Amino acid sequence: QPENLQKNWLREFYQVVHAHKPHFMALHCQEFGGKNYEASMSHVDNLFSFRELLSSDAMKDYNRARVYLDENYKSQEHFTALGSFYFLHESLKNIYQFDFKAKKYKKVTGKEIYSDTLESTPMLEKEKFPQDYFPECKWSRKGFIRTRWCITDCAFDLVNIHLFHDASNLIAWETSPSVYSGIRHKALGYVLDRIIDQRFEKVSYFVFGDFNFRLDAKAVVETLCAKATMQTIRAADTNEVVKLIFRESDNDRKVMLQLEKKLFDYFNQDVFRDNNGTALLEFDRELSVFKDRLYELDISFPPSYPYSEDSSQGRQYMNTRCPAWCDRILMSHSAKELILKSENDEKIVIYDHIGPNVCMGDHKPVFLSFRIAAGAGKPIANVHKCCVVQ
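Here goes a summary of the coordinates provided. Residue numbering note: each chain is counted from 1, following its sequence as written. Restriction of local features to residues with pLDDT of at least 70 applies here, the model being predicted, together with a cutoff of 80 or more for giving and counting side-chain atom pairs; totals for whole chains, interfaces and linings are based on all residues. For the side-chain quantities, the full set of heavy atoms in the structure was used; hydrogens and water were omitted.

### Some words on the nonpolar core
- If you look at the biggest cluster of nonpolar residues, it comprises 58 residues, and the most contacted ones within it are Phe24, Trp149, Phe156 and Phe206.
- Here this core takes 4 residues from helix H7 (residues 217–224), the largest share from any one element.
- The contact definition used throughout considers only heavy atoms, calling two residues in contact when any of these lie within 4.5 Å. Every residue in contact with Phe206, bar those within four places of it in the chain, is listed here: Phe156, Asp157, Leu158, Val159, Leu330, Met331, Ala335, Leu338 and Phe370. Definition of nonpolar core: a set of buried residues of the types Ala, Val, Leu, Ile, Met, Phe, Trp, Tyr and Cys, connected through side-chain atoms within 4.5 Å. Only protein chains enter the accessibility calculation, which uses a 1.4 Å probe. A residue is then buried if its area is under 20% of the maximum for its type, exposed if over 50%, and partly exposed in between. Numbering goes from the N terminus for both helices and strands, where a helix is a DSSP run of H or I of at least four residues and a strand is a run of E of at least two.

Structure representation (structure tokens):
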């Protein structure tokens, strides 16, 4: 239902823009064009009108923009299906973007769109992860796009990332942490090493997109079904486990959970929604490996995936995967220091999701709104030039 979805998506997005009135805005998309990209990529203009984003009344005060769309789906070696959008408010002066080839900043003027092949664009770095990272998938699109910006002497990297998914609930359930968690760990480590290597000056960085972080499946199932008995269903021809059924020991042996490769059917979805799913945060463990390198604000929104794609069910999860906080905004510890704390306790830093009651697709977008101190991104900030931008 692309027309309904686009209307919902843009309306909710514009509401957040209107509420927070950011001066610099970064929007990172993954699976741009949809999973069936070969059929839909030629219709991206219609399915999700990024040109409307640039020309809409809601965005009229953003007089400069940069859009990077990886639409070159025929390139098996490079295609990532990532889309990175950057909007600059007319009130912001002296905005520069880094040219990775020339190794210098260039002033940002006008609105520019880059698509098809991004490999020749010096204003970004783009990589698709090597195929051997996730051999189960014949043609993965996972990778990252990195851009670097300087706003009133404050320099930072913005990295759009898409990490590997869980291919099977049954395999994810076997070990704690799962094999897929290990693959994501390896890929994220690769990105972090890449953006702080010796080729360029080190600056603060924000990494945000679909990390595909999942809850520790074994621990979650053992907790949700602590008093249940498990039945194993195997394929008659291969003896392979194809389904697990967890039933209450009493209460007429009521089915609590059914688990298949792409089925996670738990009888009570409220556990994922009540109090924003806070009770399950203890099972969100994948980021802990990077606690010395990455910082995240406290999560106060429900799991961002997998929501129903039925436009009438904005709060309903699909029974395909265990709900999890896949979509995140993470930052280096130096980037954390860029975020100003208000002197009068006004809530300036907000980390939340968009469209809580509306269908936004199978992922709910997540956003972070904050103020940064100009010059704070440089090793030696000129305090006399310091001002606050948002």
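### Digging into the sheet that holds strand S6 (residues 111–114)
- DSSP bridges decide pairing: two strands pair if at least two such bridges lie between them. Spatially, the 4 strands line up as an open sheet ordered S1-S3-S2-S6, and their pairing is mixed. Looking at which strands have only one partner, the edges of the open sheet turn out to be strand S1 (24–29) and S6. Here the average twist between neighbouring strands, direction ignored, is 10°.
- Looking at chain direction, S1 and strand S3 (residues 83–89) are connected through 6 bridges and run antiparallel. Pairing of Phe24 across the sheet is with Leu88, part of S3. Between the N-to-C directions of two axes lies an angle of 0 to 180 degrees, each axis being a line fitted to C-alpha atoms and, for a helix, fitted only over the stretch in contact.

### Examining the environment of Arg214
- If you trace the backbone, Arg214 turns up in the loop between strand S10 (204–210) and H7.
- Owing to a relative accessible area of 6%, Arg214 belongs among the buried residues under this scheme.
- Through-space distance from the C-alpha of Arg214 to that of Ala324 is 5.2 Å; in sequence the pair is 110 residues apart.
- Pairs of N or O atoms are called polar contacts if they sit within 3.5 Å, as long as, within protein, a hydrogen donor faces a hydrogen acceptor (for residues adjacent in sequence, only side-chain-to-side-chain pairs). For Arg214, the side chain forms a polar contact with the side chain of Asn212, separated by 2.7 Å.

### Describing unusual backbone geometry
- Omega for the peptide link from Ser176 to Pro177 comes to 0°, which places this bond in the cis form.
- Tracing the backbone shows Pro177 in the loop between helix H5 (169–174) and helix H6 (179–195).
- Tyr305 connects to Pro306 through a cis peptide bond whose omega is 0°.
- Within the secondary structure, Pro306 is located in the loop between helix H8 (270–273) and strand S15 (327–331).
- Even without being glycine, Lys21 reaches a positive phi, approximately 45°.
- Looking at the element boundaries, Lys21 is found in the loop between helix H1 (2–20) and S1.
- Taking the relative accessible area as the measure of exposure, Lys21 reaches 48% and is therefore partly exposed.

By themselves these figures say nothing about function.
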